[in-house]
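As a plain string of letters, each chain reads:
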Amino acid sequence: MATEGGTLASARPAAGWIGRARHRPIALAAVGFATLVVVIGLGVAMGSVAIAPIDTLAIIAHRLFGLDLGRSWSVSADTIVWDLRVPRVLMSLVVGTALAVAGATFQGLLRNPLADPYVLGTASGAALGAAIAVLLPIRIVILGFGLLQGLAFVGALASIYTVYRLSRIGGLSPLTSLLLTGYAVGSLLAAGLAMAMYISGAALRQIFSYLLGGFDGASWSQLAATLPLVAIGSALIILRARTLNGLLLGEEAAAHLGIDVVRERAVLLALASLITAAAVAVSGLIGFVGLVVPHVVRLIVGPSARLVLPLSALGGAVLLAFADVVARSAGDIPVGIVTALVGAPFFILLLRRSRTGYEL
Amino acid sequence: MIELDDVSISYGGRVVLSGIDLSVAAGERAALIGPNGAGKSTLLRAVTGLVVPSRGQVRVAGDPLRGLDRAAIARRIAVVPQQVSVPFSTTVEQLVGLGRLPHEDPLRGARPADRAAVASAIERVGIGHLLGRDVRELSLGERQLVLVALAVAQAAPVLILDEPTVHLDLRHQVATMQLLVDLNVRDGATILAVLHDLSLAAAFFPRLALLDGGRLVADGTPAEVLSAERIGGVFGVEPSMVRVVEPALS
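Residues numbered from 1 in each chain as written. Chains lettered and ligands numbered in written order. Predicted model: local features only at pLDDT ≥ 70, side-chain atom pairs only at ≥ 80, totals over all residues. Heavy atoms only, no water.

### Looking at the interface of chain B and chain A
Working step 1: Between chain B and chain A, the residue contacts involve 51 residues of the former and 41 residues of the latter.
Working step 2: The contact between chain B and chain A buries some 3,700 Å² in all, and 63% of this surface belongs to carbon and sulfur atoms.
Working step 3: A per-residue breakdown of the area chain B buries against chain A is headed by B:Pro87, B:Phe88 and B:Leu101, which together make up 19% of the total.
Working step 4: Linking chain B to chain A there are 2 salt bridges.
Working step 5: At the junction of chain B and chain A, the tally comes to 6 residue pairs in polar contact (both at pLDDT 80 or more).
Working step 6: For the side of chain B that touches chain A, the elements supplying multiple residues, two or more each, are helix H2 (70-76), strand S6 (77-80), helix H3 (92-97), helix H4 (112-125), helix H5 (140-153) and helix H6 (170-187) of chain B.
Working step 7: Broken down by element, the side of chain B that touches chain A gets its largest block of residues, 5 residues, from H6(B).
Working step 8: A breakdown of the residues in the side of chain B that touches chain A according to their chemical character gives 23 nonpolar, 14 polar and 14 charged. (Contact = heavy atoms within 4.5 Å. Buried area = accessible area lost by both parts, 1.4 Å probe. Salt bridge = Lys/Arg side-chain N within 4 Å of Asp/Glu carboxyl O. Polar contact = N/O pair within 3.5 Å; in protein donor to acceptor, adjacent residues only side chain to side chain. Helix = DSSP H or I, 4+ residues; strand = E, 2+ residues; numbered from the N terminus. Nonpolar A, V, L, I, M, F, W, Y, C, P; charged D, E, K, R; others polar.)

See the structure below:
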């Protein structure tokens, strides 16, 4: 046979390469968890009010386990650590996880390396919802959620639902149709947002601050609503990793590999949109996390969604918590500026270092 | 193994296949030939359950296709796609591993048995030397072999190919054909392939089914099917251009 080059002898060097690559996910997870611990520590310890690290630890130990480490602290220190810093750090982890998992999912579903959680109009929908909430003369707050979070959440989901329905042709939503409809609907919503900003007057700053993203208002009650949505949504996506693996080869080939593509794609789109909406409702539009993290993970462990999804969840959490620490220490600038400043050059560097680049 | 019973398919009122009766027995090796638009690819899509016939029935290993879900079909039929592009950097081993998706545990993923099947498919197709390579760096001929290995890893009794030799140079065309013959003769795989190249079809397939205008117009050995007059009539070329030779392998 003309293909007899594949003897075991010639396979050996390659097998060694694979052998090394198999250990990479474990190493990456270990580094990720270690960094996570450091970043959580930094996030809770740092802030404009100086609180001794040992006091911070004592407050958390007391709140979590009722332990008394023999320290005393003021009521304000207790509030700052337990009601402001801890929820803020946890929220950055939850949002980072949501964006990175949603980004990996959209990239796999759309077979497009440039896809991010916002590609099908969620960002524009959420932004328009938030802008309308700012303009409406109604102020309601239920369990830490105002009209802004509510309308941003609804706006994100409504826009992606509209995109999905409009792109259907005879029961199917072809990928190109989905992407182009997403672009068209996104443009329409962006026009609405621009109009809202134009007439907003003094409220412009509030809309702008939402667009740049941040965790200023993070609270335990917000966390209590966001965390379950993101945790359950991400877990259900990770359980469907085999669908994303099949889609590596395209929709028809995935069907030949036993995947009910139409149903699975609808389910994954819904789950990824849900966790994106949950994230953008509380944090605003934070860019680059959902685009960059899955790529970094793929370059290290390969394209299998079984590894890419959970490691992206970890990486997204670490990156966004770190970005928030940087944002706070730089005078509380919006975290979206930091993720773009850190993410974009890092992404360019990775693309230049990877041997093959990306085919579009 | 594959039975089409009076199968007709129309797309938006246009009849693409009409009254097809075709049966491919277990262990057989058959090629579908015919001009562009004859309905060859649609027939393959009907056999793999991607389109549902408007009339008639398709059965695989005795079971009506309509009653099987995608995973059950994938365990019976492996399809070698035409050239594919992958959106992310993917090694040959990772790509061939996708052949195990219909067998994988949905929660735990690949088990040792799956990894063994991937290793043996890679050895069977003879692409061990490509293992750690990125599939996007391979030549078209090498990619074709990787896709065949993926289908072999799927371990289904039926192997279906849609123009496996298109884009390939002569050496890789022959290598792919020899591999198919080998998988059929040694491993007992039932093979149904759409082929454009009549010479390759005649040389490597003992049975040809000729489609024209959505109908099965001839079905038999290459010598029976490839008469100069029929080829002239179906493909619209001068019969003097056609010289039918005896098959080299059948």
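There is more to say, and it comes next.
### Some thoughts on the packing of aromatic side chains
Working step 1: Taken as a whole and assessed by the stated rule, the structure comprises 1 aromatic pair over all chains.
Working step 2: Between the NZ or CZ atom of A:Arg298 and the centre of the ring of B:Phe88, over which it lies, the distance is 3.7 Å.
Working step 3: Residue placement shows B:Arg29 over the ring face of B:Phe205; its charged tip is 5.9 Å from the ring centre. (Phe/Tyr/Trp six-rings, centres within 6.5 Å; stacked < 30°, edge-to-face > 60°. Lys NZ or Arg CZ within 6 Å of the ring centre and 35° of its normal.)

### Considerations on helix H11 (residues 261-283) of chain A
All names here are of chain A.
Working step 1: The terminal C-alpha atoms of H11 lie 32 Å apart, and with 23 residues this matches the ideal 33 Å at 1.5 Å per residue to within 8%.
Working step 2: Burial within H11 is extensive, with 17 of its 23 residues counted as buried.
Working step 3: Looking at the residues trailing H11, positive phi occurs at Gly284, about 80 degrees. (Expected span 1.5 Å × (residues − 1). Buried < 20%, exposed > 50% of the residue type's maximum accessible area, 1.4 Å probe, protein only.)

### A word on the sheet that holds S6(B)
Residue and element names in this part refer to chain B.
Working step 1: Here 6 strands make up an open sheet; going across it, the order is S6-S7-S8-S3-S9-S10 and the pairing mixed. What marks the edges here is a single partner per strand, and that holds for S6 and strand S10 (215-220). Within the sheet, the average angular offset between the axes of one strand and its neighbour, ignoring direction, is 20 degrees.
Working step 2: Pairing between strand S3 (residues 29-33) and strand S8 (residues 190-194): 4 bridges, direction parallel. By the bridge assignment for S8, Leu32 is matched with Val194.
Working step 3: Running at roughly 150 degrees to strand S7 (residues 158-162), helix H1 (residues 40-47) makes contact with S3, S6, S7, S8 and strand S9 (207-212) of the sheet.
Working step 4: Its contacts with the sheet put H6 on S3, S7 and S8, and the angle it makes with S3 is roughly 140 degrees. (Pairing = 2+ DSSP bridges. Axes fitted to C-alpha atoms, helices over the stretch in contact; angles between N-to-C directions.)

Purely geometric numbers; function is a separate question.
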